[in-house]
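Structural characterization, general
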Amino acid sequence: MFRNTFKTLSSKMASQLDQELMSTGAFSIDQLMELAGLSVAQAIYRQYPPTSASSNKVLMLVGPGNNGGDGLVASRHLKIWGYDPVLFYPKKSTKNELYKNLLKQLQDLEIPEIENLEEIKSLLETPKSVKIIVDSLFGFSFKPPIRAPFDDLINYLSTNHSKIPDIVSVDIPSGWDVDKGPVDVDINSTMLISLTAPKPCSEHFLKEGRVHYLGGRFINQKIAQKYDIEDLVKLYKGDELIVKL
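- Named according to an unreviewed UniProt entry, the protein is NAD(P)H-hydrate epimerase originating from Debaryomyces hansenii.
- Of the protein, the UniProt comment under Function (unreviewed entry) reads exactly: "Catalyzes the epimerization of the S- and R-forms of NAD(P)HX, a damaged form of NAD(P)H that is a result of enzymatic or heat-dependent hydration. This is a prerequisite for the S-specific NAD(P)H-hydrate dehydratase to allow the repair of both epimers of NAD(P)HX."
- Note on the protein: under the UniProt heading Sequence similarities (unreviewed entry), the record states "Belongs to the NnrE/AIBP family."

Below, the structure written as structure tokens:
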């Protein structure tokens, strides 16, 4: 197995860092989500740029938490940049104003939604109709087991690798233990976009043919030193918000 040569953050440390950014760091959750989602969209654009020669449809799998919020933000940018996102967002955070606003922005862009796994299967049954799948279901706070309505979806993705396009996972491949990696299922993501810092499960992602990006460039030097991620912050060049690891 390939080995990480960079620092990783456990789920506990990643949560602590986020809390510090939003308290003493004076960031709002809106700011962090916007910057994270923009990084996700940029990494996708770099690795899977839109083209006139093939489908630019992107199936966005969106969960109910912050990882899903990153996916909503990324969907907006991808639409503006020439992609054709389709949204699967079965557990909407209807009482949270931030998520309601993000969804309204996508509705104003006329991004269509699909409602269930059968519609996903129908969409994916046509060869090459979908460019990529973006997995923004679960983030670093995920704890097994996988519950409905996502359990059947994860099982489908994990058992139909040959039938589905490349999967891009945001922060962790959904279904993985954030610190230990794959447990019972593996959706076989081909691209991982780590936010702020890679999580320990990224050790298990490093296989031939897979691509790993880092995004979320909002860490100051003091925070970087405290969490021992200075080596990661230094990887960014110029005005770039993402870096290929």
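Notes on the overall build of the protein
- Helix and strand counts for the protein come out as eight helices and eight strands.
- At 17 Å, the protein has a C-alpha radius of gyration in line with the 18 Å of a compact globule built from 245 residues.
- On the principal axes, the C-alpha backbone points of the protein span a range of 50 × 40 × 35 Å.
- In the protein, buried positions account for 52% of the 245 residues.
- Restricting to contacts in the protein with at least 6 residues of sequence separation, those with at least 24 account for 73%.
- When the accessible area of the protein is evaluated, it comes to approximately 11500 Å², of which 50% is carbon and sulfur surface.
- The averaged location of the 30 negative side-chain charges in the protein is 3 Å from the averaged location of its 28 positive side-chain charges.

Description of unusual backbone geometry
- Of the consecutive residues Ala148 and Pro149, the connecting peptide bond is found in the cis state with omega at 5°.
- Mapped onto the elements of the fold, Pro149 is located in the loop between strand 4 (132-136) and helix 6 (150-159).
- Even without a glycine there, the phi angle at Asp171 is positive, about 75°.
- Counting through the fold element by element, Asp171 comes out in the loop between strand 5 (166-170) and strand 6 (191-195).

Concerning the pattern of salt bridges
- With the rule as written, the count across this model stands at 10 salt bridges.
- Residues Glu113 and Lys92 are paired through a salt bridge, measuring 2.8 Å at the closest nitrogen-oxygen approach. A residue pair is termed long-range when its members are at least 10 positions apart, and Glu113 in strand 3 (residues 113-114) and Lys92 in the loop between strand 2 (84-88) and helix 4 (97-108) qualify at 21 residues.
- For Lys92, a relative accessible area of 31% gives the class partly exposed.

Quick notes on the packing of helix 2 (residues 29-47) against helix 3 (residues 66-80)
- Direction vectors running N to C along helix 2 and helix 3 enclose 55°, while the axes themselves pass 7 Å from each other. Looking at the two axes, helix 2 sits oblique to helix 3. In the crossing of helix 2 with helix 3, the sense of the turn from one axis to the other is right-handed. For the pair helix 2 and helix 3, the contacting residues are Ile29, Met33, Glu34, Ala36, Gly37, Leu38, Val40, Ala41 and Ile44 in the first and Asn66, Gly69, Asp70, Val73, Ala74, Arg76, His77 and Leu78 in the second.
- Of the residues belonging to the contact of helix 2 with helix 3, the class tally is 10 nonpolar, four polar and three charged.

Focus: the nonpolar core
- Counting 33 residues, the largest nonpolar core has Ile44, Met60, Leu72, Leu87, Met191 and Ile193 as its most contacted members.
- Broken down by secondary-structure element, the contributors of at least two residues to this core are helix 2, strand 1 (57-62), helix 3, helix 4, strand 4, strand 5, strand 6 and strand 7 (211-215).
- Here this core gets six residues from one element, more than from any other, and that element is helix 2.
- Not counting residues up to four positions away in its chain, the partners in contact with Leu72 are Val62, Leu87, Tyr89, Tyr99, Leu102 and Leu106.
- One finds Trp176, Val178, Ile219 and Leu232 within the second-largest nonpolar core, a separate group that totals 24 residues.

Topic: the UniProt feature "domain: YjeF N-terminal" (unreviewed entry) in the protein
- UniProt's entry tags residues 14-231 with the feature "domain: YjeF N-terminal" (unreviewed entry), counted in the numbering of this structure.
- What you have in residues 14-231 is 38% helix and 15% strand, and the ends, taken at the C-alpha atoms, are 16 Å apart.

Concerning the sheet that holds strand 7
- Sheet architecture is open: eight strands sit in the order 3-2-1-4-5-6-7-8, paired in mixed fashion. Edge positions in the sheet fall to strand 3 and strand 8 (242-244), since each of these pairs with one other strand and no more.
- Summarising the sheet, strand 1 and strand 4 pair through five bridges and their orientation is parallel. Opposite Leu61, over in strand 4, you have Asp135 as the bridge partner.
- In this fold helix 5 (residues 117-125) packs onto strand 1, strand 2, strand 3 and strand 4, with an angle of close to 155° to the strand it touches most, strand 1.

Description of the pairing of strand 4
- The buried count for strand 4 comes to five of five residues, which makes it a mostly enclosed element.
- A two-sided burial pattern is seen for strand 4, the buried positions comprising Ile132, Val134 and Ser136 on one face and Ile133 and Asp135 on the other.
- The pairing of strand 4 with strand 5 spans four bridges and is classified as parallel. When the sheet's bridge partners are listed, Ile132 is paired in strand 5 with Asp166.
- Once you follow strand 4 into helix 6 and on to strand 5, the crossover reads as right-handed.

How each quantity is defined
Residues numbered from 1 in each chain as written. Predicted model: local features only at pLDDT ≥ 70, side-chain atom pairs only at ≥ 80, totals over all residues. Heavy atoms only, no water. UniProt positions renumbered as here; feature names shortened; annotations may be inferred. Helix = DSSP H or I, 4+ residues; strand = E, 2+ residues; numbered from the N terminus. Rg over C-alpha atoms; globule rule 2.2 N^0.38 Å. Buried < 20%, exposed > 50% of the residue type's maximum accessible area, 1.4 Å probe, protein only. Contact = heavy atoms within 4.5 Å. Areas by Shrake-Rupley, 256 points an atom, 1.4 Å probe, with all protein chains shown as cover. Lys, Arg positive; Asp, Glu negative; His and termini not counted. Charge placed at Lys NZ, Arg CZ, Asp CG, Glu CD. Salt bridge = Lys/Arg side-chain N within 4 Å of Asp/Glu carboxyl O. Axes fitted to C-alpha atoms, helices over the stretch in contact; angles between N-to-C directions. Parallel < 35°, antiparallel > 145°, perpendicular 65-115°, else oblique. Left-handed = near helix turned anticlockwise from the far one by under 90°. Nonpolar A, V, L, I, M, F, W, Y, C, P; charged D, E, K, R; others polar. Core = buried A, V, L, I, M, F, W, Y, C linked by side-chain atoms within 4.5 Å. Pairing = 2+ DSSP bridges. Right-handed = clockwise from strand over helix to strand, strands pointing away.

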